[in-house]
Structures are given as structure tokens and as C-alpha cells.
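Understanding the architecture of this molecule
Chain residues, written in single-letter form:
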Amino acid sequence: MASMSLVFIGPPAAGKSRAGKRIAQRLKSSYADTDKLFSRDHGAIHEFIPREGEPEFRRLEREIVAAALRDYEVVSLGGGAILDADTQRDLERDEHTVILLVASPAAIEERITGRTNRPLLSGIDSWIATYETRKPIYDRLADLTVDTSFRPMWQVVNDVRRYLKRTNSPLVTRDQGDDETHDTPEVEETAEQ
Ligand SMILES: Nc1ncnc2c1ncn2[C@@H]1O[C@H](COP(=O)(O)OP(=O)(O)OP(=O)(O)O)[C@@H](O)[C@H]1O
Ligand SMILES: O=C(O)C1=C[C@@H](O)[C@@H](O)[C@H](O)C1
Ligand SMILES: [Mg+2]
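Note that the structure is a prediction, hence the values are computed from the model and not measured.

Once that is clear, we can look at the overall build of the chain. When helices and strands are counted, the chain shows 8 helices and 5 strands. Taken from N to C terminus, the helices and strands of the chain fall in the order β-α-β-α-α-α-β-α-β-α-α-β-α. Buried residues in the chain amount to 51% of all 193 residues. Partitioning the intrachain contacts of the chain with sequence separation of at least 6 by distance along the chain shows that 73% fall at a separation of at least 24. For the chain, the accessible surface area stands at approximately 9,500 Å², while carbon and sulfur atoms represent 50% of it.

See below:
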């Protein structure tokens, strides 16, 4: 049972999964990606939503998010998980440190071009519209906002680690290391959604 969690929120392709996994390794913490938990339990999201509809996806996603926030120290949420009112209430609680990852449309466009596994995202125009609609919620819930546009992941990781140190987060006690200075090659994550 995690007594406090570090939670990554933000629009699609902002880097929540990559950053969350990397920081959890660094902090030697347990880690969950709610999109991955969903697809493990219910099948691929890009097949589930067209078949069952978004409301059913959101209902099941909420169950997964509630359990993940209870059970894991570092959690990357699906991009739209913050739409749920109970999840918003959970994230407002002090024991959760909420990191909002954002990126510019130009950076996102480069990341999503040629991908077909994001059911609610047909291109950069729909990404911008989705982000604009959700921005007030993302901003309200965030304790720290990090822009990941055209920045290597190691810099993003360092920004978050510095914030945890500055705020005396209990999560940081196992992180005795220096700043990261390079990225390590990693397996592409997004195809598993
Ligand atoms: N800082 C970055 N620089 C370049 N590419 C990045 C960066 N961060 C993430 N990416 C790439 O962008 C894509 C999306 O990253 P990731 O899956 O971590 O985002 P996400 O916020 O979890 O997205 P989703 O909403 O789909 O879960 C991946 O292909 C990843 O390799
Ligand atoms: O932004 C969204 O609404 C979504 C983002 C993804 O992480 C998945 O949770 C799903 O594709 C929905
Ligand atoms: Mg993700």
C-alpha cells in the first residue's frame, strides 16, 4: 500500500509513461501505468473504445486509477483520466504529488505522426482541441508543470527529482544519486496501449 504517490498527468504523448517509468526506476519505487493496467485487464484500448464506447472506458478506467493510486508509489495516468470527478478529488489530496507534463503542438506532432493506436486522437488539430478543453483541469491539479518539448527525457527526470528534493518528498529518500546526464535506449512503449 502506497502512503503517497507521485502521479503523472497530461495530454496524450506528453511523455507520462516514459517519464513515470524512468523516475520509478530511479527512486526504486513501485510503478503503474493505468493505460497498461487497462489493456492487461480489458484488451487494447484502441479496440475497446470503438467497440464499447468512451463512457464504459472511463468507468473501468476510474476503477483502475483508484486502485493504482492506492497501491503504487509512481503512477502514470491515461491522458483523459483526470476527467473523472472522483479522480480529481483523489489528486487534490496532499499525499499525491501531481506532475503535469506538457508539450507544444510542434513537438507532439512529431511524436504522433504515423501512429494509429490513439483512438481519441486523429491528428494534431484534435490534440490541440482536446488539450485546450482539459487545460483548466490539468493546471488546477498540477503541483509542478514540466514542458517536455524537444527536451531529452533525462532533463525532465532531473526537473522532477529536484522538485521532490526541494519539497522534502518521502519518495526521494532512496534517490541518492547525482543528476542524470544522458538517455538510455528504451523499448517503444506506446504500441501496447
Ligand atoms: N521528451 C521527449 N522527446 C522526444 N520524444 C518523446 C519525449 N517524451 C516522449 N516522447 C515520445 O513520445 C511518445 C509518447 O510518449 P509517452 O508514451 O511516454 O507519452 P504519454 O504521455 O504516456 O502518452 P499517452 O497519452 O499515449 O499515454 C513516445 O513515442 C515517446 O517515445
Ligand atoms: O486522452 C485520452 O482521452 C486518452 C489517452 C490515453 O492515454 C488512453 O487512456 C486513451 O486512449 C484515452
Ligand atoms: Mg502513456
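Let us look at the packing of aromatic side chains. On inspection of all chains with the given rule, the structure shows 4 aromatic pairs. Aromatic side chains F38 and F57 sit 4.8 Å apart centroid to centroid with 65° between the ring planes, which places their arrangement in the edge-to-face category. Here F38, found in helix α2 (residues 34–42), pairs with F57, found in helix α4 (residues 54–71); they are 19 residues apart in sequence, far enough to count as distant. Note on F57: relative accessible area 3%, which makes it buried. Residues W127 and Y131 carry aromatic rings whose centres are separated by 5.2 Å and whose planes lie at 25° to one another, so their mutual orientation is stacked. Taken together, the residues span about one helical turn, with W127 and Y131 both in helix α7 (residues 124–141) at a distance of 4 residues. For the residue pair W127 and Y131, the accessibility class agrees, reading buried in each case. By the ring-pair criterion, three or more aromatic residues cluster together here, those being F38, F48 and F57.

It is worth spelling out helix α1 (residues 16–27) at this point. The terminal C-alpha atoms of α1 lie 16 Å apart, and with 12 residues this matches the ideal 16 Å at 1.5 Å per residue to within 8%. Along α1, the residues classified as buried are K16, A19, G20, R22, I23, A24 and L27. As for α1, its buried residues are in contact with β1 (5–9), β2 (31–33), β3 (74–76), β4 (96–102) and α8 (153–166). Positive backbone phi, approximately 50°, marks K28, located one or two places after α1.

Below, the discussion takes up the sheet that holds β1. Strand order in the open sheet formed by 5 strands is β2-β3-β1-β4-β5, with parallel pairing between adjacent strands. The open sheet has two edge strands, β2 and β5 (144–147), and neither has a second partner. Sheet twist, expressed as the mean angle between neighbouring strand axes with direction ignored, is 20°. Relative to β5, β4 is paired through 4 bridges, and the arrangement is parallel. Residue pairing for β5: V102 is matched across the bridge by D147. The sheet strands contacting α1 are β1, β2, β3 and β4, and the helix crosses β1 at an angle near 160°.

We now examine the layout of surface pockets. Taken as a whole, the second largest pocket holds about 170 Å³ of empty space. R93, D94, H96, T97 and D143 are, among the 17 residues lining the second largest pocket, the residues nearest its centre. Ranked by the residues each element gives to the lining of the second largest pocket, the list is headed by β4, at 3 residues.

A separate point is the side chain of R134. Tracing the sequence through the fold places R134 in helix α7. Buried and without a salt bridge, R134 has E54 as its closest oppositely charged side chain, separated by 5.1 Å. Residue contacts for R134: discarding those within four places in its chain leaves P12, R58, G79, G80, I82 and L83.

Definitions and cut-offs
- Residues numbered from 1 in each chain as written.
- Chains lettered and ligands numbered in written order.
- Predicted model: local features only at pLDDT ≥ 70, side-chain atom pairs only at ≥ 80, totals over all residues.
- Heavy atoms only, no water.
- Helix = DSSP H or I, 4+ residues; strand = E, 2+ residues; numbered from the N terminus.
- Buried < 20%, exposed > 50% of the residue type's maximum accessible area, 1.4 Å probe, protein only.
- Contact = heavy atoms within 4.5 Å.
- Areas by Shrake-Rupley, 256 points an atom, 1.4 Å probe, with all protein chains shown as cover.
- Phe/Tyr/Trp six-rings, centres within 6.5 Å; stacked < 30°, edge-to-face > 60°.
- Expected span 1.5 Å × (residues − 1).
- Pairing = 2+ DSSP bridges.
- Axes fitted to C-alpha atoms, helices over the stretch in contact; angles between N-to-C directions.
- 1 Å grid on protein atoms, 1.4 Å probe; cavity = no way out; pocket = protein on both sides within 12 Å on 5 of 7 lines; lining within 4 Å.
- Points joined across faces, edges and corners; volume = space filled by probe spheres on them.
- Lys, Arg positive; Asp, Glu negative; His and termini not counted.
- Salt bridge = Lys/Arg side-chain N within 4 Å of Asp/Glu carboxyl O.

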